[in-house]
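Chain by chain, the residues run as shown.
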Amino acid sequence: MNDIPDRIPTPCPSCSPDLETVHEVLTEGGGSLTVRCSECSHVHKVQPEREREVTLDVVVSQDGESFTANVTTPEGATIEVGDEFLLETEEVLSTVRVTSLELDGQRRVESSPADEIETVWTREVDNVSVDITIHPQDGSRDDSRSITVHVPGDYEFEVGAVDDFGDDEFEIDAFVVRQAVTGYDRDRYDMEGDTVPAKDVKRVYAYDETSSAWSAW
């Protein structure tokens, strides 16, 4: 009984058919509740009130590709950009983050009641791709290069830390966060010790450490 309380107010057919009394919920099954009246201990069944649900179209972006799925949610729920939820279909089971909400007439909003939403645009955040720009140690931008790494969404990048992926080793200089995330007071972070989970980052900037490793030989 995940969403059913231990006690509910409901009329008792034995002692108060026209008034609600407190009832203890005993069991749930077959779409009904077996309850016991706190006034006279009469046991009977009632039909619980269920909140109406709506079905939403969800577009999921995943590594440059996208697919559409459907989810159900309570009609009175409010959905906001930045919300995360578990998307479970026959094809996929993953956590997604809301990046945009589309209403009737293709209007985009940051927050909306579920029953007014036409399409929920999301991005998969269990596993993400992160673009990293690597500069030479001499500070020159002419020989900068870009790589893309694939990491879990909660993988943490830290300014000042040295990371290595395959043949690439680099010291993180700064990072830029995505627009559709909350909890950040600016777009770019470059102070030593600043951290960001991979699912929040738009791009990482770093200095090449690979060449210094070779020069030691």
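## Concerning the packing of aromatic side chains
Thought 1: Evaluated as defined, the whole model comprises 5 aromatic pairs.
Thought 2: Between Phe165 and Phe170, the aromatic rings sit 6.1 Å apart at their centres with planes inclined by 15 degrees, giving stacked as the arrangement. Phe170 carries the same exposure label as Phe165, and that label is buried.
Thought 3: Centroid distance Tyr184 to Tyr189: 5.9 Å. Interplanar angle 70 degrees. Geometry classified as edge-to-face.
Thought 4: For Tyr189, a relative accessible area of 10% translates into the label buried.
Thought 5: An aromatic cluster of at least three residues, connected via ring pairs, comprises Tyr155, Phe157, Phe165 and Phe170.
Thought 6: Of note, Arg188 hangs over the ring of Tyr205, and the distance from its end group to the ring centre comes to 5.2 Å.

## Here's the deal with the confidence of the model for the chain
Thought 1: Summarising the model, the chain shows a mean pLDDT of 89, and 94% of its residues fall at 70 or more.
Thought 2: Within the chain, strand E15 (residues 156-158) carries the highest mean pLDDT (97), whereas helix H1 (residues 210-215) carries the lowest (54).
Thought 3: In this model residues 213-217 is a low-confidence stretch, pLDDT under 50, and it forms 1 contact with partners more than four residues away in sequence or in other chains.

About the thresholds
- Residues numbered from 1 in each chain as written.
- Predicted model: local features only at pLDDT ≥ 70, side-chain atom pairs only at ≥ 80, totals over all residues.
- Heavy atoms only, no water.
- Phe/Tyr/Trp six-rings, centres within 6.5 Å; stacked < 30°, edge-to-face > 60°.
- Buried < 20%, exposed > 50% of the residue type's maximum accessible area, 1.4 Å probe, protein only.
- Lys NZ or Arg CZ within 6 Å of the ring centre and 35° of its normal.
- pLDDT = per-residue confidence, 0-100.
- Helix = DSSP H or I, 4+ residues; strand = E, 2+ residues; numbered from the N terminus.
- Contact = heavy atoms within 4.5 Å.

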